[in-house]
Amino acid sequence: MLSRSVPIAFDTTTLALFSKRLLNPAKFKLNYKPDVKDAAVLVPLCVVEGKPSILFTVRNINMRTHSGEISFPGGKTDDSDPSTQFTALRETKEEIGIDPESIDILGCYSALPNKTGSLKVYPYVGFIKDQVDLTRFNPEEVSSVFTLPVDYLIQPQVRQIKQFRDSKIKYTEFKVPEHIEGEKQIWGLTSFILDGVLRKIMPEHYR
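Each value, and the rule that gives it
- Residues numbered from 1 in each chain as written.
- Predicted model: local features only at pLDDT ≥ 70, side-chain atom pairs only at ≥ 80, totals over all residues.
- Heavy atoms only, no water.
- Helix = DSSP H or I, 4+ residues; strand = E, 2+ residues; numbered from the N terminus.
- Rg over C-alpha atoms; globule rule 2.2 N^0.38 Å.
- Buried < 20%, exposed > 50% of the residue type's maximum accessible area, 1.4 Å probe, protein only.
- Contact = heavy atoms within 4.5 Å.
- Lys, Arg positive; Asp, Glu negative; His and termini not counted.
- Charge placed at Lys NZ, Arg CZ, Asp CG, Glu CD.
- Pairing = 2+ DSSP bridges.
- pLDDT = per-residue confidence, 0-100.
- Core = buried A, V, L, I, M, F, W, Y, C linked by side-chain atoms within 4.5 Å.
- Salt bridge = Lys/Arg side-chain N within 4 Å of Asp/Glu carboxyl O.
- Arc of directions from axis to C-beta.
- Phe/Tyr/Trp six-rings, centres within 6.5 Å; stacked < 30°, edge-to-face > 60°.
- Lys NZ or Arg CZ within 6 Å of the ring centre and 35° of its normal.

Time to look at the overall build of the chain. Secondary structure assignment for the chain yields 4 helices and 11 strands. Scaling as 2.2 N^0.38, a compact globule of 207 residues should have a C-alpha radius of gyration of about 17 Å, and the chain matches this with 16 Å. Each of the three principal axes of the chain carries a C-alpha extent, and together these read 45 × 40 × 35 Å. For the chain, the proportion of its 207 residues judged to be buried stands at 49%. For the chain, contacts bridging at least 24 residues in sequence account for 64% of all contacts bridging at least 6. Charge-centre separation for the chain: the mean point of 27 positive side chains lies 10 Å from the mean point of 26 negative side chains.

Extensive coverage of strand β2 (residues 51–59) is indicated by the burial of 8 of its 9 residues. Relative to β2, strand β1 (residues 37–48) runs antiparallel, the two sharing 4 bridges. Paired with L45 across the bridge in β2 is I54. From the end of β1 to the start of β2, which pair antiparallel, there are 2 residues, and E49 there has a positive phi angle of about 55°.

Across the chain, the average pLDDT comes to 90, with 92% of residues at or above 70. Across the chain, the element-wise mean pLDDT spans from 88 in strand β9 (residues 159–163) up to 98 in strand β5 (residues 103–108).

In terms of nonpolar packing, the biggest core is built from 43 residues, with F10, L45, I54, F56, L153, L194 and M202 touching the most fellow members. If one sorts the elements of this core by residue count, helix α4 (residues 188–201) sits on top with 7 residues. Ignoring anything within four residues of it in the chain, the contact list for L153 reads I54, F56, L148, V158, R159, F174, L194, L198 and Y206. By size, the runner-up hydrophobic cluster in this structure holds 14 residues, among which are A88, L89, V142 and V145.

Side chains that differ in charge, positive against negative, can pair when their charged atoms come close. All chains considered together, the criterion is met by 9 salt bridges. When the shortest N-O distance is used, the salt bridge between R21 and E204 registers 2.3 Å. Remark: E204 occurs in the segment after α4 and R21 occurs in helix α1 (residues 12–21); sequence separation between them is 183 residues. Across the pair, exposure class does not vary: R21 and E204 are buried alike.

This part takes up α1. Among the residues of α1, those classed as buried are T14, L15, F18 and R21. The arc enclosing the buried residues of α1, seen along the axis, measures out at 120°, which places them on a common side. Residues of α1 that are exposed and angled more than 90 degrees away from the buried face: T12, T13 and K20. The secondary structure elements touched by the buried residues of α1 are β1, β5, β7 (119–128) and α4.

All chains considered together, the criterion is met by 8 aromatic pairs. Grouped by ring-pair contacts, the aromatic residues F28, Y109, Y171 and F192 constitute a single cluster. Taking NZ or CZ as reference, K120 lies 5.8 Å from the ring centre of Y32, over its face.

Glancing now at the pairing of β1. One ladder, built from 9 bridges, connects β1 with β7; its direction is parallel. Its bridge partner being in β7, A39 is matched across the sheet by V121. Pairing analysis gives 3 bridges linking β1 to strand β4 (residues 74–76), with the strands arranged antiparallel. Counterpart to A39 in the pairing with β4 is K76.

See the structure below:
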């Protein structure tokens, strides 16, 4: 088991531990519409400049929904998609050009609704094995790509507890460093997923 005094590393042993912990995700009672559709996102773990990090996208300002927001790669499941995991990998390839073969899927966190309850979003946690190119993205969907070190995200001073929509569930929003362009807060479903995944896979470091 990891110790809080041990530096975080995305080595083979640690990634295997993450996979084991994701076998038993949290369960939430949240509302969906009767005609709910599936969607999926990828929570992309990666190593940038030697630092274990998580990758985020900033949605193009011209997008019909969630324009300009910080998010994870992902989208609605197509009828031709054989699984929601396929959806997460397909959308990641379309948005930021990372091939599915370059990503090791570690597991899936709890499915969660979008704001209107019209989508059931499956968050897949994956490790990007190759070097990340932050300049490679589809400008029609994404305006920029950035990463934040896990050591930054686990700091208490960058987190703020909020109520999740109209539920009784509390979740964490994250401050974004000033040098990152765009919004200065990771909030909403992206933040809910990020908070939940960090609590699940590295409870020794993130509390």
